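For reference, the chains in residue letters:
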Amino acid sequence: MPEGHTLHRLANLHQERFAGHPVRVLSPQGRFAAEAAILDGSVLESAEAHGKHLFHVYGPDRTVHVHLGLYGTFREAELPVTEPQGQVRMRIIGPTHWTDLRGPNACELLTDAEVAALRERLGPDPLRNDSDPESAWHRVQRSRTTIAALLMDQKVLSGVGNVYRAEVLFRHGIWPFTPGRELGRERWELIWSDLVVLMAEGVKAGRIDTVRPEHTPEATGRPPRKDRHGGEVYVYRRAGLPCLLCGTPVATAELAGRKLYWCPTCQPEPAG
């Protein structure tokens, strides 16, 4: 599932290409046809993201909410348009570009009240300037749930997925099974501030890189990572391979239906 940086990157792209202009809104597949007919020819006022959610704002009580889920994708291209390929839920045509949305978990037209209710359920997003990390800390410090699970809970923190979760815990030497209430304020602030920087870099680069400069392939002479997700990482999807820092095989376990990765030496279980 795309992590928050991907949605913010899309929001920036759609803001640049479509916002401030009348756009054509179509649903070649037909599942969004009634809503598309309401919006077709309207000015797209703005595009923004909150966590893993994308919002296209057309005016009062007219916001398209998109959640890509596991299989949703946008295809972006310059004009002229081509025939739809596959099941296109929503097509937007602007003055210079067009985009096709396929396979989203959600594509719906919401009122302002519905948007507010949805966002009320989401935790603070490290990529939004209006986010308050205190609200996330308030939940974390009272919870017996592991920090690894809390970081993936979108009600606690928005936009963090499996990659950023594993990597930020490694970067700060935190045992992933540490209960939230045992984490401590200082380590929480390190996690939050690091996510702000890492995810912003992800928006710019279009991929997740979490390895510090001294540990890159160029600095160490090791081969670059080969993975369809791209990016240089410490532990994500490196189960059984040697830790880049200490050589210990990277461990993995199932946690809340997702694979968790960590280094048992660099992220030791606290004594006692």
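Position numbers for residues start from 1 in each chain and track the written sequence from start to end. In view of the model being predicted, local features appear only for residues whose pLDDT reaches at least 70, and side-chain atom pairs are presented and counted only at 80 or more, with totals across whole chains, interfaces and linings using the full set of residues. To obtain the side-chain values, all non-hydrogen atoms of the structure were used and water was disregarded.

A. Up close: the packing of helix H4 (residues 133-140) against helix H7 (residues 185-205). Relative orientation of the contacting elements H4 and H7 amounts to 135 degrees, with a least axis distance of 11 Å. Between H4 and H7, the crossing angle belongs to the class labelled oblique. Judged by the sense of rotation from one axis to the other, the crossing of H4 with H7 is right-handed. Every residue of H7 that contacts H4 at Pro133, Glu134, Ala136, Trp137 and Val140 is listed here: Arg185, Trp188 and Trp192. To obtain an axis, a line is fitted to C-alpha atoms, over the contacting stretch when the element is a helix, and the angle between two such axes runs from 0 to 180 degrees between their N-to-C directions. Only DSSP runs of H or I reaching four residues or more are called helices, and only runs of E reaching two or more are called strands; each is numbered from the N terminus. Angle categories are assigned with fixed cut-offs, so that under 35 degrees is roughly parallel, over 145 is roughly antiparallel, 65 to 115 is roughly perpendicular, and the rest are oblique. Helix crossings fall into two classes, left-handed where the near helix is turned counterclockwise from the far one by less than a right angle and right-handed where it is turned clockwise. Any two residues whose heavy atoms approach within 4.5 Å are treated as being in contact.

B. Just the UniProt feature "domain: FPG-type" (unreviewed entry) in the chain, in detail. Look at the UniProt record and you will see "domain: FPG-type" (unreviewed entry) annotated at residues 234-268. What you have in residues 234-268 is 0% helix and 29% strand, and the ends, taken at the C-alpha atoms, are 16 Å apart. UniProt positions are given in the numbering used here, feature names are shortened, and annotations may be inferred rather than shown by experiment.

C. Structural context of a nonpolar patch on the surface. Patches draw on residues past 30% relative accessible area with no salt bridge. Two like charges within 9 Å are joined, as are two nonpolar side chains (Val, Leu, Ile, Met, Phe, Trp, Tyr) within 5 Å. Per-residue accessibility takes into account occlusion by the displayed protein chains alone, with areas from the Shrake-Rupley method and a 1.4 Å probe. Throughout this description, the term salt bridge denotes a Lys or Arg side-chain nitrogen within 4 Å of a carboxyl oxygen of Asp or Glu. On the surface, a nonpolar cluster with roughly 380 Å² of combined accessible area is contributed by Met1, Leu70 and Tyr71. By the element assignment, Leu70 lies in the loop between strand E4 (62-67) and strand E5 (73-78).

D. The sheet that holds strand E8 (residues 106-110), seen in detail. For two strands to be treated as a pair, DSSP must find no fewer than two bridges joining them. Taken in spatial order, the four strands make up an open sheet running E2-E3-E4-E8, and their pairing is antiparallel. Of all the strands in the sheet, the pair left with one neighbour each is strand E2 (46-50) and E8. Recorded for the sheet is a direction-independent mean angle of 20 degrees between the axes of neighbouring strands. When E4 meets E8, the two strands line up antiparallel, connected through five bridges. Looking at E8, one finds that Thr63 is bridged to Leu110. Helix H1 (residues 4-17) rests against E2 and strand E3 (53-59) of the sheet, and its axis sits at about 175 degrees to E2.

E. Structural context of the sheet that holds strand E1 (residues 24-26). Across the sheet, four strands lie side by side as E1-E6-E7-E5; this open sheet has antiparallel pairing. At either margin of the open sheet sits one strand with a lone partner, and together these are E1 and E5. The mean angle between the axes of side-by-side strands here comes to 15 degrees, regardless of whether they run parallel or antiparallel. Strand direction decides the pairing type here: strand E6 (residues 88-93) and strand E7 (residues 97-102), joined by five bridges, are antiparallel. Each residue of the ladder has a partner; that of Arg91, found in E7, is Asp100. Here H1 sits on the sheet and contacts E5 and E7; the angle it forms with E5, its principal contact strand, is near 35 degrees.

F. Looking closely at the layout of surface pockets. Both site types are read off a 1 Å grid over the protein atoms alone. A 1.4 Å probe that fits but cannot get out defines a cavity, while an open set with protein on both sides within 12 Å along at least five of seven lines defines a pocket; lining residues have an atom within 4 Å of a point. Grid points are joined across faces, edges and corners, and a volume is the space filled by probe spheres set on the points. If you add up the space inside the largest pocket, you get close to 660 Å³. Lining the largest pocket we find 27 residues, and of these Met1, Pro2, Glu3, Thr6 and His229 sit closest to its centre. Within the residue set of the lining of the largest pocket, elements represented by two or more residues are H1, E5, helix H6 (162-171) and strand E10 (258-262). With five residues, H1 is the single largest residue contributor to the lining of the largest pocket. Each residue is assigned to one class: nonpolar for Ala, Val, Leu, Ile, Met, Phe, Trp, Tyr, Cys and Pro, charged for Asp, Glu, Lys and Arg, and polar for all the others, Gly among them. A per-class count over the lining of the largest pocket returns 11 nonpolar, eight polar and eight charged. Each domain's extent was defined by an automatic or database domain assignment. Lining the lining of the largest pocket are residues from two domains, each supplying at least three of them: domain 1 (4-121) and domain 2 (133-262).

G. Representation of the packing of aromatic side chains within the structure. Each Phe, Tyr or Trp ring, with Trp reduced to its six-membered ring, pairs with another whose centre is within 6.5 Å; inter-plane angles below 30 degrees give stacked pairs, above 60 give edge-to-face pairs, and intermediate values give tilted ones. Scanning all chains against the criterion turns up five aromatic pairs. Taking the centre distance of 5.2 Å and the plane angle of 85 degrees together, the rings of Phe177 and Trp262 count as edge-to-face. Residue Phe177 is found in the loop between H6 and H7, and its partner Trp262 is found in strand E10; the two are separated by 85 residues along the sequence. With relative accessibility at 24%, the residue Phe177 sits in the partly exposed group. Each residue's exposure class comes from its accessible area (1.4 Å probe, protein chains only) as a fraction of the maximum for that residue type: buried when under 20%, exposed when over 50%, partly exposed otherwise.

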